[in-house]
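Observations on the model geometry
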Amino acid sequence: MDPAGITLCVLGVAALLFVTELVPLAVTAMGSAIALGLLGVLTPKEVFSGLSNSTVVLFAGMFVVGAAMFRTGLAQTIGVTVVRKSGSGEKRLMVALMTITIIISAFSSNTATVACLMPVVIQICAAARIPVSTQLMALAVAANVGGTVTMIGTPPNILMSAALENSGLAPFGFFEFAWIGIPLSIVGIIYMVTIGSRLCPRNMVEVEVEEGIVGEAHDKKHMIICGIILLCVILAMVFSKTIHVPMQMAAIIAALACVLTGCLTEKQAYQGIDWVTIFLFAGMLPLASAMEKTGAGKLIADTVVGVIGSDPSPYLIVTAMFILSCGLTQFMSNTAAAALLAPIGISIAQSIGVSPYPVIMAIGIAASCAFTTPVATPPNTLVLNAGRFHFMDYVKVGVPLVIVSLIVCVAVIPMVWPF
């Protein structure tokens with residue numbers, strides 16, 4: 001069997017184990033990477049490359065900052081304040097949190113946004129005594145759709161513009177994505193407040209965790225220091241390109257600052273890292289690389305293109321490319337999926353004499369509709385353990401939202417970017 005076939009087989013087995021959870025998710029992820037190494041698809045270095053990935057480093061650093069927010073009482077203080085201002089109603093809190101997340105994600109990393117806000121959300125839920133799982137799922141959804149509002153909101157958007165430019169076409173404007181990003185964000189909020197929250201499990205903040213947080217005689221000085229560190233790391237991430245400090249470096253500096261200033265001890269910093277999330281994400285990255293390296297992703301794309309036929313309707317192309325992009329991004333990097341499909345989309349559009357803009361926009365937006373698996377996008381992975389989610393929880397909440405997103409895109413995109 002060729003490397004592409006082996007990769008697809010490993011992906012199929014991983015998907016089955018993810019759905020059934022016969023073994024822990026992190027074990028499945030790391031096992032998939034190791035299997036690809038043993039089968040000769042990946043080198044030993046590539047198998048464990050995920051552990052040194054910049055996003056994994058970002059995760060680790062922000063987990064420590066989150067732990068410091070809990071230990072100093074900063075998260076509790078913020079949570080109580082938000083509850084007093086917006087009330088303890090689940091829907092009001094969800095709308096407020098999703099709106100804030102969408103705005104921040106539109107101009108900065110959605111991964112960093114979730115990493116910064118997650119400990120605050122957990123403490124808000126503890127203070128208001130409402131389910132934490134529904135709010136965390138809403139947080140992840142908001143981060144994903146928020147990235148579709150501007151060109152810099154998520155890497156696939158930048159890739160789509162670059163693909164057009166490389167083909168000799170005018171790229172998308174900075175806020176041009178907002179024509180579809182804003183409607184998608186509004187629909188995402190409405191969906192989570194109405195349908196999504198009902199499909200989501202209603203897990204509370206664990207009692208022992210909550211009591212441990214509330215029960216500590218908090219030091220106000222350390223709370224202020226932690227707040228300054230948090231503010232600095234957020235600003236550093238927002239302006240990372242301007243100040244030339246990578247986000248993962250800012251996160252690690254912030255984590256070190258938390259320990260050096262006494263906001264938490266070294267042992268508490270280690271305990272604050274969610275190792276399930278780290279190994280789950282680190283294990284899936286090599287599989288995503290293998291799909292790109294072996295051509296397995298392209299094989300899937302070519303098969304779908306073959307099914308479409310030689311003279312398809314423009315609407316069918318947009319629908320098919322959305323489904324393909326969205327499907328691939330559930331198990332591989334959305335950046336890789338978008339990069340793979342962009343030239344294919346342009347070629348198909350030009351071959352039948354229609355504008356490539358609606359097709360390319362559909363591919364880019366679909367790559368951000370990564371709602372149906374915990375490994376589809378970093379925000380999904382981040383909330384997995386804290387919300388005590390199972391794999392199928394993402395499927396239950398995510399599949400209807402993907403369908404709704406597809407309907408919105410097919411309706412809106414051709415209106416803004418005609419065929």
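Anyway, here's the lowdown on the structure attached to this text. (Residues numbered from 1 in each chain as written. Predicted model: local features only at pLDDT ≥ 70, side-chain atom pairs only at ≥ 80, totals over all residues. Heavy atoms only, no water.)

**Some remarks on the nonpolar core**
- Core analysis: the largest hydrophobic core is formed by 146 residues, its most contacted members being Phe18, Met62, Leu136, Phe172, Ile180 and Met192.
- No other element matches helix α7 (residues 110-128), which puts 13 residues into this core.
- Residues within four places of methionine 192 in sequence aside, it is in contact with Met94, Met98, Thr134, Met137, Ala138, Val141, Ser197 and Val397. (Core = buried A, V, L, I, M, F, W, Y, C linked by side-chain atoms within 4.5 Å. Buried < 20%, exposed > 50% of the residue type's maximum accessible area, 1.4 Å probe, protein only. Helix = DSSP H or I, 4+ residues; strand = E, 2+ residues; numbered from the N terminus. Contact = heavy atoms within 4.5 Å.)

**Section: the state of the cysteines**
- Tallied over the full model, the rule gives zero disulfides.
- Of all cysteine sulfurs in the structure, the one in cysteine 258 sits closest to cysteine 232, which takes part in no disulfide; the separation is 11 Å.
- According to the relative accessible area criterion, cysteine 232 is partly exposed, its value standing at 45%. (Disulfide = S-S within 2.5 Å.)

**Here we look at the pattern of salt bridges**
- Following the criterion strictly, the structure yields two salt bridges and no others.
- Put simply, lysine 293 and glutamate 46 hold a salt bridge, and the shortest N to O gap is 3.0 Å. Of this pair, lysine 293 sits in helix α16 (residues 275-294) while glutamate 46 sits in helix α3 (residues 44-47), placing them 247 residues apart in sequence.
- In this structure glutamate 46 comes out as partly exposed when scored by relative accessible area, which is 27%.
- Across the salt bridge formed by arginine 202 and glutamate 90, the nearest N and O atoms sit 2.6 Å from each other. One end of the pair, arginine 202, is in the loop between α10 (178-199) and α11 (207-215); the other, glutamate 90, is in helix α6 (residues 90-107), with 112 residues separating them in the sequence. (Salt bridge = Lys/Arg side-chain N within 4 Å of Asp/Glu carboxyl O.)

**A closer look at the packing of aromatic side chains**
- Under the criterion given, the structure shown has seven aromatic pairs.
- Ring centres of phenylalanine 389 and tyrosine 394 lie 5.5 Å apart, and the angle between their planes is 65 degrees; on these two criteria the pair is classed as edge-to-face. There is no split in this pair, since phenylalanine 389 and tyrosine 394 are both buried.
- Aromatic ring contacts, followed pair by pair, group Phe172, Phe177, Tyr357 and Trp417 into a single cluster. (Phe/Tyr/Trp six-rings, centres within 6.5 Å; stacked < 30°, edge-to-face > 60°.)

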